[in-house]
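The residues making up each chain are set out below.
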Amino acid sequence: MTIKTIASAPESEQKKTPLLHKIALVLGAMTLIGGSLTGIMTYRNIGFTDTFFLSWLTSFITALFTVMPAGFILMALVTKLVEKLTPKMRENKRNLIVGVGMACVMESFMAFSTAANNIGFHDLSAFYHGWLNGLLAALPVALTLSTVITMTIKPKIERFLRS
């Protein structure tokens, strides 16, 4: 069988991507993005102290098990909503709207969980400033990543996950 024959074979005849590979891709992306953003937020909250690594790790794990799963559900809902509200808009423009919106919402939630982990709620003013500082520090990185991901990588990942 030649490459040309494989490429033109119906989807049912093409080999399915193993579920483990799909899970590894999603976990890798979550680790890279969530880890770097919670690292920025933790640094803005407490600086580079002796407890930085432990504080970052607990912030990342909290975000990994709370914020990120909610983000997947929210992304699916936001994508459907944007598709419904803008049916004539090109897909790449819709993806950009979804990406920017999701970056803002997810960073707000991630900054909340990171500030809660690093600062706590005993002083609401300190918590608010920690949340805002973390959000403003990580948001430019998140907006850049979300734009690049939604415009270039997201369609490829969606095809990969459907395979």
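Residues numbered from 1 in each chain as written. Predicted model: local features only at pLDDT ≥ 70, side-chain atom pairs only at ≥ 80, totals over all residues. Heavy atoms only, no water.

A. Up close: the packing of aromatic side chains. Applying the stated criterion across every chain yields a total of seven aromatic pairs. A centroid spacing of 5.2 Å and a plane angle of 85° characterise the contact between F112 and F127, whose relative ring orientation is edge-to-face. Of this pair, F112 sits in helix α4 (residues 91–118) while F127 is found in helix α5 (residues 124–162), placing the two residues 15 residues apart along the sequence. Overall, the relative accessible area of 42% leaves F112 in the partly exposed class. Ring pairing ties together the aromatic residues F53, W56 and F60, which thus form one cluster. (Phe/Tyr/Trp six-rings, centres within 6.5 Å; stacked < 30°, edge-to-face > 60°. Helix = DSSP H or I, 4+ residues; strand = E, 2+ residues; numbered from the N terminus. Buried < 20%, exposed > 50% of the residue type's maximum accessible area, 1.4 Å probe, protein only.)

B. Representation of helix α2 (residues 19–46) within the structure. With 28 residues, α2 should cover 40 Å at 1.5 Å per step; its first-to-last C-alpha distance of 39 Å lies within 8% of that length. Here α2 has its buried residues at K22, M30, G34, G35, L37, T38, G39, M41, T42 and N45. Looking one or two residues past α2, G47 carries a phi angle of roughly 75°, positive in sign. (Expected span 1.5 Å × (residues − 1).)

C. Representation of α4. The first and last C-alpha atoms of α4 sit 39 Å apart over 28 residues, in line with the 40 Å expected at 1.5 Å per residue. Positive phi appears at G120, one or two residues downstream of α4, with a value of about 85°.

D. Fine view of the nonpolar core. Within the largest apolar cluster, 24 residues are counted, with the highest numbers of intra-cluster contacts made by M68 and M110. Every element with two or more residues in this core is listed here: α2, α3 (52–85), α4 and α5. Broken down by element, this core gets its largest block of residues, eight residues, from α3. Setting aside its immediate chain neighbours within four residues, M68 contacts M30, G34, F60, A63, M106 and M110. (Core = buried A, V, L, I, M, F, W, Y, C linked by side-chain atoms within 4.5 Å. Contact = heavy atoms within 4.5 Å.)

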